[in-house]
Amino acid sequence: MQINVLRAIGLMLGAMAFLAVSDVFIKLASQRAPLGQVMVSMSLGGTALFLALAAIKRVRIFTADALHPMVLLRNAFEIVGGLGLIVGISKVPLSVFAAIMQAAPLVVTLGAALFLREEVGWRRWTAIAVGLVGMLLVIRPFGAEFSGWELFAVMGVVGLAARDLVTRLSPESIPSLAISTWGFMAIIVPGLALLIFEAKPMTAEPLALVYIAAMVVVTALGYLCVTTAMRLAPAAIVSPFRYTRLVFTTGLGMAVFGERPGLPTLAGGALILAAGLYTFARERRLAIRTAAASRPAAAG
């Protein structure tokens, strides 16, 4: 058991490193190819991966479940989140993007309280407020360095958080692999729309194609590592290590693109990280307490 836990932690760390490298390749690819081409390539590559996994596991993908209202709504939020993610990575420094994206768990908690009527105590409300203050420090909407593109990263956070909330409402009978496959397919829609409206033509430049291929492969490796890690150990153990992506992405931004995040970005990122970890720890504690309280009732 202990070996599996250590393997799971190592795999989660590896996954976050892979996904940080994926962010780098998305940014590099977007500098040489239109965003539409990058998005369509990501969608097709991810879809091919999930279809292969579905074939191996004998999971049916193309069923009537694809038209379930919650699945369709999840796909819509996947489109919003994917568009915000790709545009955000391409237009803002990776250190800024990474700090904003770490607010996603806080946005999920906020959405669960507002729309799913989940109970959230004053401690987690305080953590959410601290995280949002941290996001404002990173974005600095009224500062001279604010470009407006940062709002796409915020859109990515909101879209992906809403996607996760809607996933909770999807029928349990629908396989997770099928839902993930449909989500990747949905990203083709904004990718094709961007290709139509972008002035920049598609490219067959070898270096651009190398970046795009690397982006797809590294993203797939990251996903596989996350999936394996979550199977080897409880989520309560491995999930906190997702926040290491902030360190990896910021470090790669500095190493590859020469970024030098300022004090507000570092301070804001630290606030978001602290708030997220506290919220996770608090939710875990409450879950343990609820499970302990329900045991006598179940036994009776």
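Since we're looking at a predicted model, the values are computed, not measured.

A. How the structure looks around the packing of aromatic side chains. Applying the stated criterion to the full structure yields three aromatic pairs. With centroids separated by 5.1 Å and ring planes inclined at 45 degrees, the aromatic side chains of Phe50 and Phe184 adopt a geometry described as tilted. Of this pair, Phe50 sits in helix α2 (residues 35-57) while Phe184 sits in helix α8 (residues 176-186), placing them 134 residues apart in sequence. Above the ring of Trp149, the side-chain terminus of Lys91 is found at 4.9 Å from the ring centroid.

B. The environment of Leu136, seen in detail. Along the chain, Leu136 turns up in helix α6 (residues 122-139). For Leu136, a relative accessible area of 52% gives the class exposed. Each C-alpha atom, one on Leu136 and one on Phe257, is 24 Å from the other, the two residues being 121 residues apart in sequence.

C. Structural context of the side chain of Glu150. Along the chain, Glu150 falls in helix α7 (residues 150-169). An unpaired buried charge is present at Glu150: no salt bridge exists, and Arg140, the closest side chain of opposite charge, is 7.2 Å distant. Ignoring sequence-local partners within four residues, the contact set of Glu150 consists of Val92, Val96, Ile100, Ile139 and Glu145.

D. Region of interest: the pattern of salt bridges. Applying the stated criterion across every chain yields a total of five salt bridges. Across the pair Arg74 and Glu78 runs a salt bridge, and its minimum N-O distance is 3.3 Å. With Arg74 and Glu78 both in helix α3 (residues 69-91) and four residues apart, this pair spans about one turn of that helix. Given a relative accessible area of 8%, Arg74 falls into the buried group. By relative accessible area, which is 9% here, Glu78 ends up buried. Between Arg163 and Glu78 there is a salt bridge whose closest N-O contact spans 3.0 Å. One end of the pair, Arg163, is in helix α7; the other, Glu78, is in helix α3, and 85 residues separate them in sequence. Like Glu78, Arg163 is buried. In this structure, a network of salt bridges that share partners links the residues Arg74, Glu78, Arg163 and Asp164.

E. Focus on unusual backbone geometry. Phi at Arg58 takes a positive value of approximately 60 degrees, unusual for a residue other than glycine. Residue classification places Arg58 among the exposed positions, given a relative accessible area of 77%. In the Ramachandran plot, Arg140 falls in the positive-phi region, its phi being about 50 degrees despite a non-glycine side chain. Relative to the helices and strands, Arg140 is located in the loop between α6 and α7. We classify Arg140 as partly exposed; its relative accessible area is 24%.

F. Spotlight on α2. End to end, α2 covers 33 Å across 23 residues, agreeing with the expected 33 Å (1.5 Å per residue, within 8%). Directly after α2, the chain includes Arg58, whose backbone phi takes a positive value near 60 degrees.

G. A look at a nonpolar patch on the surface. On the surface, Val130, Val133, Leu137 and Leu271 cluster together to form a nonpolar patch covering roughly 260 Å² of accessible area. Here Val133 is to be found in helix α6.

H. Region of the structure containing the side chain of Thr203. As for its position among the elements, Thr203 is in the loop between α9 (188-197) and α10 (206-232). Of the polar contacts made by the side chain of Thr203, one reaches the backbone nitrogen of Glu205; its length is 3.0 Å. Thr203 has contacts with Arg32, Ala33, Pro34, Gln37, Ala208 and Leu209, leaving out every residue within four places of it along the chain.

I. Seen up close, the packing of α8 against α9. Relative orientation of the contacting elements α8 and α9 amounts to 10 degrees, with a least axis distance of 5 Å. When the interaxial angle is binned, α8 and α9 end up roughly parallel. Residues Phe184, Met185 and Ala186 of α8 form the contact with α9, whose participating residues are Ile188, Val189 and Pro190. Partitioning the contact of α8 with α9 into residue classes produces six nonpolar, no polar and no charged.

J. Broad picture of α6. End to end, α6 covers 26 Å across 18 residues, agreeing with the expected 26 Å (1.5 Å per residue, within 8%). Among all positions in α6, only Arg124, Ala127, Ile128, Gly131, Gly134, Met135, Val138 and Ile139 are buried. One side of α6 carries all its buried residues, which in axial view fall inside an arc of 130 degrees. Of the exposed residues in α6, the ones pointing more than 90 degrees away from its buried face are Trp122 and Leu136.

K. The nonpolar core, seen in detail. Core analysis: the largest hydrophobic core is formed by 42 residues, its most contacted members being Ile26, Leu85 and Ile100. Those elements giving two or more residues to this core turn out to be α1 (2-32), α2, α3, α4 (94-101), α5 (104-115), α6, α7 and α10. It is α4 that contributes the most residues to this core, seven residues altogether. If we ignore the near neighbours within four places in the chain, the residues touching Ile100 are Met135, Val138, Ile139, Glu150, Ala153, Val154 and Val157.

Parameters at a glance
- Residues numbered from 1 in each chain as written.
- Predicted model: local features only at pLDDT ≥ 70, side-chain atom pairs only at ≥ 80, totals over all residues.
- Heavy atoms only, no water.
- Phe/Tyr/Trp six-rings, centres within 6.5 Å; stacked < 30°, edge-to-face > 60°.
- Helix = DSSP H or I, 4+ residues; strand = E, 2+ residues; numbered from the N terminus.
- Lys NZ or Arg CZ within 6 Å of the ring centre and 35° of its normal.
- Buried < 20%, exposed > 50% of the residue type's maximum accessible area, 1.4 Å probe, protein only.
- Lys, Arg positive; Asp, Glu negative; His and termini not counted.
- Salt bridge = Lys/Arg side-chain N within 4 Å of Asp/Glu carboxyl O.
- Contact = heavy atoms within 4.5 Å.
- Expected span 1.5 Å × (residues − 1).
- Patch = residues over 30% accessible without salt bridge, like charges linked within 9 Å, V, L, I, M, F, W, Y side chains within 5 Å.
- Areas by Shrake-Rupley, 256 points an atom, 1.4 Å probe, with all protein chains shown as cover.
- Polar contact = N/O pair within 3.5 Å; in protein donor to acceptor, adjacent residues only side chain to side chain.
- Axes fitted to C-alpha atoms, helices over the stretch in contact; angles between N-to-C directions.
- Parallel < 35°, antiparallel > 145°, perpendicular 65-115°, else oblique.
- Nonpolar A, V, L, I, M, F, W, Y, C, P; charged D, E, K, R; others polar.
- Arc of directions from axis to C-beta.
- Core = buried A, V, L, I, M, F, W, Y, C linked by side-chain atoms within 4.5 Å.

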